[in-house]
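Spelled out from the first residue to the last, the chains are:
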Amino acid sequence: MGEGTKPARPAARTEAGDAARGPAAKVRGRSQHRLRLRNLRADDYDTLRDITGRVYAQMGGQFGGALSRDKFLSMLARFPEGQIGIEDRGKIVAAALSLVVDYERYGDSHSYGEITGDAYFTTHDPNGDVLYGAEVVVDPDYRAMRLGRRLYDARKELCKKLNLRAIIAGGRIPGYRNHADTMTPQQYVEAVRRRKLHDQVLSFQLANDFQVRRVIRNYLPGDVDSKDYATLIQWENMYYEPRRRPLLGAQKNYARIGAVQWRLRQVESVADMLQQVEYFVDAVADFKSDFAVFPELFNVALMGLVEQADAAEAMRRIAAYTPQMAEGMQRMAMSYNVNIVGASMPVLEGERLYNEAYLFRRDGTMETQRKIHITPVEKRLWALDGGAVLRHFRTDAGTVGILICYDVEFPELGRVLADRGAQILFVPSWTETKNGYQRVRRCAQARAIENECYVVLAGSIGNLPRVENVNIHYSQSAIFSPSDFAFPHDAVVAESTPDTETVLVADVDLEKLRQLRDEGSVRTLHDRRHDLYRVEWLGPV
């Protein structure tokens, strides 16, 4: 799998040593242990990094260093249920990492990097049929406690609960190094299967009810001990029931998006503003859309209701209206059965003022994303502060992220969200001139291509003559795609007429993204040189 390979880079199966390596160093005070099986969390990273670092070092470093933080967070973001750990008094001492795949996409002739997305789990498919084991790793001090068996059993339970047909993994055969001169790998595997030979990885897997499907080559290039060979092992779920696609509530393969090109106009009250919002929500919902996208600071017209002598103070005052706006829009999301996204508004927290975008799900839940990068003008006029958390959101129509205007000009943010599984990036924007708009547009298009995702740009138009520091606006809302044969020739799914109040409605095919990542003319996510560079989120999770 990485079972005997790696969580972030191919590593060695470590729990196989529980039973196979003979007596390990005894753990002192064994009666003081308090072992508990649970799912891994982001705050387990430091411990897991130390364990993987120690394990890989014991293998002579042939599979690189410890599990990287960005890969671990990507695993948790995509499939938290599949990342299982055993803790001893609150500290993780063993872990099993896995994902769900549509196995027919890969077949038996795959490599570890291909089927795990180079351990970012970008290949995880909630609609897949196989639980794929990427790695099992145990703290060397705990190898005599048979924790590997517990993790394998936990995986089997997960496979049954998810009604997956099998667990499949690629396993190293490190003992083959001692027999390569006299036996083929197939002969070696058969000898281990018949218990004529012992392999510290394969023997453990066979003892846990796994069967060998076949022997493959170059599963883990550079695996010197296995001579670049590996076994594909499988455990069949005898309780599996072939699934039919549910008639209701199934994960969608496409999403219909309505981007509102919002004209700024004078309002008399918050109720007046909400009435305008409802008009567009109603229009988008009439098209059976999954998302209604509103621009950045679209409620700035409310500044006409407050004293404007001090621009920063005026923005703080309209922040007082944000809870009422959010409550009204949450009701609309449920009433009109559409997810409302973008729609950033000022939020005051203590003495700090933030620009915060919203996701109002149609199931009644709400989440937010603060603007992280603040422009010089926003700092000078409104004294805005930047957020420090980057979130991805699971919806009934795909995994999405929000980058507020200027944020899309920083490619690192889009890459982090893509590594967390984002299929659609929403960019609510506010640009005053065409060159400002083009800057946001070009960057949005670049994010779509480099991250193999869709990017939705929604902006404001018009002006507010009676509001200070809110001048002219320019926008052309658009939906961008990757650039390959399966997508529009100019990588533009749809775009609105510039500077006209309207709604842009179009469908995006999420299945095409999966096909692109597996079979595209170029694969920008897959082909990154992780041996030379990486993008890693360092802020709070």
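Just so you know, these numbers come straight off a predicted model, no measurement behind them. (Residues numbered from 1 in each chain as written. Predicted model: local features only at pLDDT ≥ 70, side-chain atom pairs only at ≥ 80, totals over all residues. Heavy atoms only, no water.)

## Overview of the sheet that holds strand β16 (residues 424-428)
If you trace the six strands from one edge of the open sheet to the other, you get β14-β15-β16-β17-β19-β20, paired in mixed fashion. Two strands in the sheet have a free side with no partner beyond their single neighbour: β14 (392-395) and β20 (492-495). Neighbour to neighbour, the strand axes of the sheet diverge by 20 degrees on average, direction disregarded. The pairing of strand β19 (residues 478-480) with β20 spans three bridges and is classified as antiparallel. What sits directly across from Phe 480, in β20, is Val 492. (Pairing = 2+ DSSP bridges. Helix = DSSP H or I, 4+ residues; strand = E, 2+ residues; numbered from the N terminus. Axes fitted to C-alpha atoms, helices over the stretch in contact; angles between N-to-C directions.)

## So, the nonpolar core
Counting 51 residues, the largest nonpolar core has Ile 257, Phe 291, Val 293, Ile 424 and Phe 426 as the members making the most contacts within it. Residues Val 270, Met 315, Met 325 and Met 345 belong to the second largest nonpolar core, which totals 46 residues. (Core = buried A, V, L, I, M, F, W, Y, C linked by side-chain atoms within 4.5 Å. Buried < 20%, exposed > 50% of the residue type's maximum accessible area, 1.4 Å probe, protein only.)

## Brief notes about helix α12 (residues 411-419)
Of all nine residues in α12, seven are buried; the element is thus mostly enclosed. Along its buried surface, α12 packs onto α3 (69-78), β14, β15 (398-402), β16 and α13 (434-451). (Contact = heavy atoms within 4.5 Å.)

## Here we look at the packing of aromatic side chains
Throughout the structure, instances matching the rule amount to 17 aromatic pairs. Each ring, one from Tyr 437 and one from Tyr 474, has its centre 5.5 Å from the other, and the planes form 70 degrees; the classification is edge-to-face. Here Tyr 437, found in helix α13, pairs with Tyr 474, found in the loop between β18 (460-462) and β19; they are 37 residues apart in sequence, far enough to count as distant. Judged by relative accessible area, which is 15%, Tyr 474 ranks as buried. The rings of Trp 262, Tyr 279, Phe 280, Phe 294 and Phe 298 are connected pair by pair, giving a single aromatic cluster. A cation over an aromatic ring shows up here: Arg 370 above the ring of Tyr 354, its NZ or CZ 3.9 Å from the ring centre. (Phe/Tyr/Trp six-rings, centres within 6.5 Å; stacked < 30°, edge-to-face > 60°. Lys NZ or Arg CZ within 6 Å of the ring centre and 35° of its normal.)

## Focus on helix α8 (residues 270-286)
With 17 residues, α8 ought to run about 24 Å at 1.5 Å a step, and its terminal C-alpha atoms sit 24 Å apart, in line with that. Taken together, the buried residues of α8 touch β8 (254-264), β9 (291-294), α10 (322-335), β10 (339-349) and β21 (502-509). The positive-phi residue at the C-terminal boundary of α8 is Lys 288, with phi of around 60 degrees. (Expected span 1.5 Å × (residues − 1).)

## What about the environment of Arg 243?
Topologically, Arg 243 is positioned in the loop between β7 (229-236) and β8. Owing to a relative accessible area of 38%, Arg 243 belongs among the partly exposed residues under this scheme. Spatially, the C-alpha atom of Arg 243 lies 37 Å from that of Trp 537, the residues being 294 residues apart in sequence. Discounting residues that sit within four places of it in the chain, Arg 243 has contacts with Asn 127, Gly 128, Asp 129, Leu 162, Asn 163 and Leu 164.

## Side note on the pattern of salt bridges
Throughout the structure, instances matching the rule amount to 37 salt bridges. Between Glu 190 and Arg 194 there is a salt bridge, and its shortest N-O distance comes to 2.7 Å. As a salt-bridge pair, Glu 313 and Arg 317 come within 3.7 Å of each other at their nearest N and O atoms. Highlighted residues: Glu 313 and Arg 317, both in helix α9 (residues 311-318), separated by four residues, approximately one helical turn. What makes Glu 313 partly exposed here is its relative accessible area of 36%. Judged by relative accessible area, Arg 317 falls into the partly exposed class, the value being 37%. Look at the salt bridges and you will find they share partners, linking Arg 36, Arg 38, Asp 44 and Glu 87 into a network. (Salt bridge = Lys/Arg side-chain N within 4 Å of Asp/Glu carboxyl O.)

## Description of unusual backbone geometry
The phi torsion at Lys 288 lies on the positive side, around 60 degrees, for a residue other than glycine. Position of Lys 288 relative to the elements: it lies in the loop between α8 and β9. A positive phi angle, close to 50 degrees, is found at Glu 452, a residue other than glycine. Its place among the elements puts Glu 452 in the loop between α13 and β17 (454-458).

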